Amino acid sequence: MTRNIVIGTSHGSRIPMLSQDTSSLLVLAAVLLVSASALQAQDARDPRTPQRVHRLTSEEYVATLEYWEKQHPKILDVEQVGSSSDGLGIHLLTITDTSIPNADKQVCLVTALHGGPERSGTTTILHLTEWLLGDSQEARQTLRKQVLLVMPINHPEAFFRTDRFGNAAKIDPYTGGGPQHWDLEKLQYKSADKAPEVKAVLEVVDRWKPDVHVDVHGTGLQEYPVDKLGDRTRYQGQTMIEITGSAYSNYALRPWDWRVTEAMIAAGREAGYPSDRFEADAQRSFHGPVMNPIADRTWRGQPNFYTAQYGYAKYHTMVMAFEVGWEQSGVARLRGLLRIGNGRWQDEPHPRLSGRPRQSLHWPLRDRLGKDRRAASPQPSRTLAKAGPLHASRLVSPNGWPGHLLRCDFGGGGRGVDEGP
Ligand SMILES: [Zn+2]
């Protein structure tokens, strides 16, 4: 089966690449990765004439969003939440079953902070959206239990024009530009005026205080020198080692509970896509400054502070990154994540949290910290307003183990939130 890509037309064509259960009729104004004709496949095997992949245009992208909104007015809302310095829109898709109040739903933010140049991150999110808008039982259940906040293209200037990580001010929306652009004491981004791409994401995080923020990365032309970009189309088969739950550029972008990562990896494997498990596959253990003499024997990963961690630091959002080479794989692994949000988590014993009745579970642990801090509407609760921002530095795991025993204090109120075991 041809695994990658492609794009379509706006006239009722069906996207053939998704797996059977996700093959909802989609009529895209644009196409994503498509299977090649026999002739094309033959050509693709000749390295001198690789099949090229259609390059999604800004017009096709916007037309796709408009089409989806028109087709699914009860579950999809499309909103422009920012624009790049050259005027391209940054869009937020809010997808949920609006017949059910949001108060007891999990909130999952899906971004492509490098999409942008890493095109398969974006096209994977578009395929996930297609699945969410489809009529499978699993998708419908997901929309009853969760609010999906989907931002397929966070860096449109790169996606449609430049294929570079940096925006006009040379700021990469994924990192926010580096530590000098963040005031971590105040949890403020200092360069919002130079990085509307970052600003748009942080505003969505502030508005919704998501339980989970998953940032999807992938393949593209970002490493090609400008003089080698040619017509800026990619070739069929361009892929990478896939990674689930974290990023080699910043190991802090991972779930605090390894069981979440394992569940997503298992979902990918079931669909035929194993993925890299970073230090586990490298068989390395961590190190710190006192271990410098044996640093070459340890895991090279070091935490950093990037845009996605803003939600963690401020609202205890669970953050994670994905590397996607095959869109089907990305969709399968993301569905594995969303399944967790539909059910009761592992051995979680609490049917109600923070005094508020709860219908269902939950992203592990996040609820206890987060639910009473998010009002029914996406506005800060009074509790939150009183409590002030959560300082990441004051998060303490008494046994050094991520998960149930995590406790935290709020900077403003000094109130311990997690009273659980
Ligand atoms: Zn990336």
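Since we're looking at a predicted model, the values are computed, not measured.

Caption draft 1: Broad picture of the overall build of the protein chain. Of regular secondary structure, the protein chain possesses 12 helices and 13 strands. Counting over 421 residues, the protein chain shows a buried share of 47%. For the protein chain, restricting intrachain contacts to residue pairs at least 6 apart in sequence, the fraction spanning at least 24 positions comes to 68%.

Caption draft 2: The sheet that holds strand E2 (residues 76-83), seen in detail. With mixed pairing, seven strands are arranged side by side in an open sheet as E2-E3-E5-E4-E8-E11-E10. Looking at the sheet topology across the chains shown, the edges are occupied by E2 and strand E10 (243-244). Running over the sheet, helix H2 (residues 58-71) touches E2 and strand E3 (89-95) and is turned about 150 degrees from E2. Its contacts with the sheet place helix H3 (residues 119-132) against E3, strand E4 (106-111), strand E5 (146-151), strand E8 (212-218) and strand E11 (318-324), and it is angled at close to 125 degrees to E8.

Caption draft 3: How the structure looks around the packing of H3 against helix H10 (residues 327-342). The interhelical angle for the contact between H3 and H10, taken along N-to-C directions, is 55 degrees, at an axis separation of 9 Å. In this view, H3 runs oblique relative to H10, as classed from their interaxial angle. Read as a crossing pair, H3 and H10 show a hand that is right-handed. Judged by residue contacts, Ser120, Thr123, Thr124, His127, Leu128 and Trp131 of H3 engage Glu327, Gly330, Val331 and Leu334 from H10. Residue classes in the contact of H3 with H10 are distributed as four nonpolar, five polar and one charged.

Caption draft 4: How the structure looks around the packing of helix H7 (residues 258-270) against H10. Orientation of H7 relative to H10, taken along the N-to-C sense of each, is 135 degrees, at an axis distance of 7 Å. When the axes of H7 and H10 are compared, the pair comes out oblique. The interaxial crossing formed by H7 with H10 has right-handed handedness. Contacts from Val260, Ala263, Met264, Ala266, Ala267 and Gly268 of H7 reach H10 at Ser329, Ala332, Arg333, Arg335, Gly336, Leu337 and Ile340.

Caption draft 5: Geometry of the nonpolar core. Among the nonpolar cores identified, the biggest contains 74 residues, and Cys108, Val110, Leu149 and Val214 are the most heavily contacted of them. The residues touching Val110, leaving out its near neighbours within four places in the chain, are Ile125, Leu128, Leu148, Leu149, Val150, Met151, Val214 and Val216.

Caption draft 6: Structural detail: unusual backbone geometry. A cis amide bond links Gly115 with the next residue in sequence, Gly116, at an omega value of -20 degrees. With respect to the helices and strands, Gly116 occurs in the loop between E4 and H3. Even without being glycine, Asp163 reaches a positive phi, approximately 60 degrees. Residue placement: Asp163 occurs in the loop between helix H5 (156-162) and strand E6 (182-183). Residue class for Asp163 comes out buried when judged on the 22 C-beta atoms lying within 10 Å of it. The phi dihedral of Lys170 is positive, around 65 degrees, even though this residue is not glycine.

Caption draft 7: Local environment of the environment of Gly177. If you trace the backbone, Gly177 turns up in the loop between H5 and E6. Gly177 sits 129 residues away from Tyr306 along the chain, and the two C-alpha atoms are 8.4 Å apart. Excluding residues that lie within four positions of it along the chain, Gly177 makes contacts with Ile171, Asp172, Ser191 and Ala195.

Rules and cut-offs
- Residues numbered from 1 in each chain as written.
- Predicted model: local features only at pLDDT ≥ 70, side-chain atom pairs only at ≥ 80, totals over all residues.
- Helix = DSSP H or I, 4+ residues; strand = E, 2+ residues; numbered from the N terminus.
- Buried ≥ 20, exposed ≤ 12 C-beta atoms within 10 Å, placed from the backbone.
- Contact = placed C-beta atoms within 7 Å.
- Pairing = 2+ DSSP bridges.
- Axes fitted to C-alpha atoms, helices over the stretch in contact; angles between N-to-C directions.
- Parallel < 35°, antiparallel > 145°, perpendicular 65-115°, else oblique.
- Left-handed = near helix turned anticlockwise from the far one by under 90°.
- Nonpolar A, V, L, I, M, F, W, Y, C, P; charged D, E, K, R; others polar.
- Core = buried A, V, L, I, M, F, W, Y, C linked by C-beta atoms within 7 Å.

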